[in-house]
Amino acid sequence: MTGEREAHEQSWLSGLPEEARAFQGRRAGVVSRVVAAIVDALVVVLLLGMLYLAFAALGFLIDPAGFAFPAPDREGLVLTWFVLAVIYLSVCWAGTARTVGDQLLGLRVLGARGFRLRWGGACVRALACVLFPWGLLWILAGRERRSLQDVVLRTVVIYDWGPRLPRTSPAIREAQSAGERKAHGDKEEGEDS
Amino acid sequence: MTNAPATERLLLPREDADPVIADVLLGVADALAERAGRVVLAVRPLGGGPLAPQHWPRFVRALAGRGARRRRQAAEAALRGYRFVTPVLVTDVLDRLDLPGIVREVIAEIDLPEIIRTSTGSIASESVRDIRIRLVAADDAVSRGFGGRRNTVARGHDR
């Protein structure tokens with residue numbers, strides 16, 4: 001089958017390792033996603049620290065004589081962390097469809113049709129994930145490896161070790177490789193924009 | 001040492017190996033060299049005194065000057081010869097070498113997919129790959145643990 005050979009060549013050219021081809025595009029399980037979430041939480045803590053240092057530096061530039069390190073209260077810190085986390089997740093998901101944690105574990109967050117989330121969808125999903133992280137455990141209960149947020153917002157998280165976001169959705173690629181070029185393929189093509 | 005090449009066996013004999021005829025000649029040369037060394041050591045103090053060049057007779061000094069000129073000429077000729085021969089030799093060697101063949105062989109040996117993989121940067125190093133695979137295995141194990149056979153091959157989209 002030429003389709004299969006093409007797919008093989010594409011994965012070879014993208015540098016996808018042999019062992020990753022078996023589960024490329026499959027839905028990611030709970031362990032990978034929890035670890036990715038922990039990594040992302042740590043990344044946001046790092047961002048928070050950098051923000052704090054930036055504020056301190058700004059304070060020093062404005063008033064070097066009376067400089068003292070700012071002492072934010074706990075509620076303020078937690079609130080800032082939440083806001084930072086939502087911004088970080090939305091930007092990552094709408095941008096490259098993966099956060100730093102996802103990148104580390106080779107995951108990608110896609111919409112129901114297999115395309116990258118749009119800004120609105122990414123923001124809502126980020127808010128839902130930050131406010132209710134326990135939704136991840138729903139992966140264990142559901143049948144299709146979806147967190148509660150995934151079920152509500154119709155998103156999926158897949159294993160994707162490829163370095164770049166594919167132009168077409170997995171559905172279209174599958175349909176093409178199977179030679180099923182039906183009418184609904186054209187309909188999905190329109191979703192890309 | 002039994003499977004060492006012949007030249008190595010000849011040049012680096014074992015301690016208990018039988019001597020060869022050449023060893024006799026080497027022994028004679030060694031003994032003579034030792035004697036000559038002793039003579040040189042005995043004569044050397046004379047070099048600074050009565051045998052120093054400023055005490056030489058006129059005709060000896062003329063001979064020495066002639067010899068020195070001849071030596072310089074010979075050295076210059078040797079140097080010219082070296083400078084002429086070396087490029088010719090190197091060119092000949094390079095002509096005989098199959099450079100394109102060697103390059104092709106080296107390129108064939110290089111693991112191009114691996115280089116693409118590492119140079120794209122976002123596909124990670126060996127250890128990260130290992131962690132990912134372990135976690136995928138853990139995902140599958142947990143899926144099996146919770147409620148038997150799940151739909152683990154679900155693709156990344158809704159049909």
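In this text, all values refer to a predicted model and were calculated from it rather than measured experimentally. (Residues numbered from 1 in each chain as written. Chains lettered and ligands numbered in written order. Predicted model: local features only at pLDDT ≥ 70, side-chain atom pairs only at ≥ 80, totals over all residues.)

Helix and strand counts for chain B come out as six helices and zero strands. Along chain B, helices (α) and strands (β) appear in the sequence α-α-α-α-α-α when read from the amino end. With 159 residues in all, chain B has 7% of them scored as buried. (Helix = DSSP H or I, 4+ residues; strand = E, 2+ residues; numbered from the N terminus. Buried ≥ 20, exposed ≤ 12 C-beta atoms within 10 Å, placed from the backbone.)

Moving on, we get to the packing of helix H2 (residues 30-62) of chain A against helix H6 (residues 126-145) of chain B. Between two packed helices, both the angle of their axes relative to each other and the distance between the axes serve to describe the pair. One can describe the packing of H2 of chain A onto H6 of chain B by two numbers: an axis separation of 6 Å at closest approach and a directional angle of 125°. It follows that H2 of chain A is oblique to H6 of chain B by the angle criterion. Here H2 of chain A contributes Val30, Val31, Ser32 and Val35 of chain A to the contact with H6 of chain B, which in turn contributes Leu135, Val136, Ala138, Asp139 and Val142 of chain B. (Axes fitted to C-alpha atoms, helices over the stretch in contact; angles between N-to-C directions. Parallel < 35°, antiparallel > 145°, perpendicular 65-115°, else oblique. Contact = placed C-beta atoms within 7 Å.)

Let us now look at the pairing of strand E2 (residues 155-159) of chain A. Among the five residues in E2 of chain A, five count as buried, and that is most of the element. Alternating residues of E2 of chain A divide into Thr155, Val157 and Tyr159 of chain A and Val156 and Ile158 of chain A, and every residue in both groups is buried.

For helix H3 (residues 58-96) of chain B, with 39 residues, the first-to-last C-alpha span of 56 Å sits near the 57 Å given by 1.5 Å per residue. Of all 39 residues in H3 of chain B, zero are buried; the element is thus mostly exposed. (Expected span 1.5 Å × (residues − 1).)

Okay, the nonpolar core next. Counting residues in hydrophobic clusters, the biggest one holds 31 residues, and the most contacted among them are Leu89, Trp93, Leu107, Ile158 and Tyr159 of chain A. Going through the elements one at a time, H2, helix H3 (74-95), helix H4 (100-105), strand E1 (107-111), helix H5 (119-131) and E2 of chain A together with H6 of chain B are the ones with two or more residues in this core. Looking at which element gives the most residues to this core, the answer is H3 of chain A, with five residues. Excluding residues that lie within four positions of it along the chain, Leu107 of chain A makes contacts with Ala28, Ser32, Arg33, Ala36, Arg98, Asp102, Val157, Ile158, Tyr159 and Asp160 of chain A. (Core = buried A, V, L, I, M, F, W, Y, C linked by C-beta atoms within 7 Å.)

Take Ala28 of chain A: it is sitting in the loop between helix H1 (2-13) and H2. Its 26 C-beta neighbours within 10 Å are what place Ala28 of chain A among the buried residues. The spacing of Ala28 of chain A and Leu105 of chain A is 77 residues in sequence and 9.9 Å in space, taken between C-alpha atoms. Setting aside anything within four residues of it in sequence, one finds Ala28 of chain A in contact with Arg33, Leu107, Arg145, Val157, Ile158 and Tyr159 of chain A together with Asp139 of chain B.

Residues and elements named next belong to chain A. One way to put it is that H3 packs onto H5 with a least axis distance of 8 Å and a crossing angle of 140°. Taken as axis vectors, H3 and H5 run oblique relative to one another. Of the two elements, H3 crosses H5, and the hand of that crossing is right-handed. Counting all contacts with H3, which are made through Phe82, Ala85, Val86, Leu89, Ser90, Trp93 and Ala94, the residues of H5 involved are Trp119, Ala122, Cys123, Arg125, Ala126, Leu127, Cys129 and Val130. (Left-handed = near helix turned anticlockwise from the far one by under 90°.)

Okay, H6 of chain B next. A rise of 1.5 Å per residue sets the reference length of H6 of chain B, with its 20 residues, at 28 Å; its end C-alpha atoms lie 29 Å apart and thus fit the reference within 8%. Residues of H6 of chain B that are buried: Arg132, Leu135, Val136, Asp139 and Ser143 of chain B. Taken around the axis of H6 of chain B, the buried residues stretch over an arc of 105°, which confines them to a single face. Away from its buried face, by an angle of more than 90 degrees, H6 of chain B presents the exposed residues Glu126, Ser127, Asp130, Arg134, Ala141, Arg144 and Gly145 of chain B. The elements touched by buried residues of H6 of chain B are H2, H4 and E2 of chain A. (Arc of directions from axis to C-beta.)

Positioned with a positive phi, Ala97 of chain A is a non-glycine residue whose angle comes to about 65°. With respect to the helices and strands, the residue Ala97 of chain A is situated in the loop between H3 and H4.

Averaged over every residue, the pLDDT of chain A is 82; the share at 70 or more is 78%. A low-confidence stretch, residues 1-6 of chain A stays under pLDDT 50, and its non-local contacts, those more than four residues away or across chains, total four contacts. (pLDDT = per-residue confidence, 0-100.)

Moving on: the confidence of the model for chain B. All names here are of chain B. Within chain B, residue pLDDT values average 80, and 81% of them lie at 70 or more. By mean pLDDT, the top-scoring element of chain B is H3 (92), and the lowest-scoring one is helix H5 (residues 112-119) (67). ipTM for the predicted complex: 0.74, alongside a pTM of 0.57.

Let us look at the pairing of E1 of chain A. Residues and elements named next belong to chain A. Taken across its five residues, E1 has five buried, putting it largely inside the fold. Alternating residues of E1 divide into Leu107, Val109 and Gly111 and Arg108 and Leu110, and every residue in both groups is buried. The pairing of E1 with E2 spans five bridges and is antiparallel. Within the sheet, the bridge partner assigned to Val109 lies in E2 and is Val157. (Pairing = 2+ DSSP bridges.)

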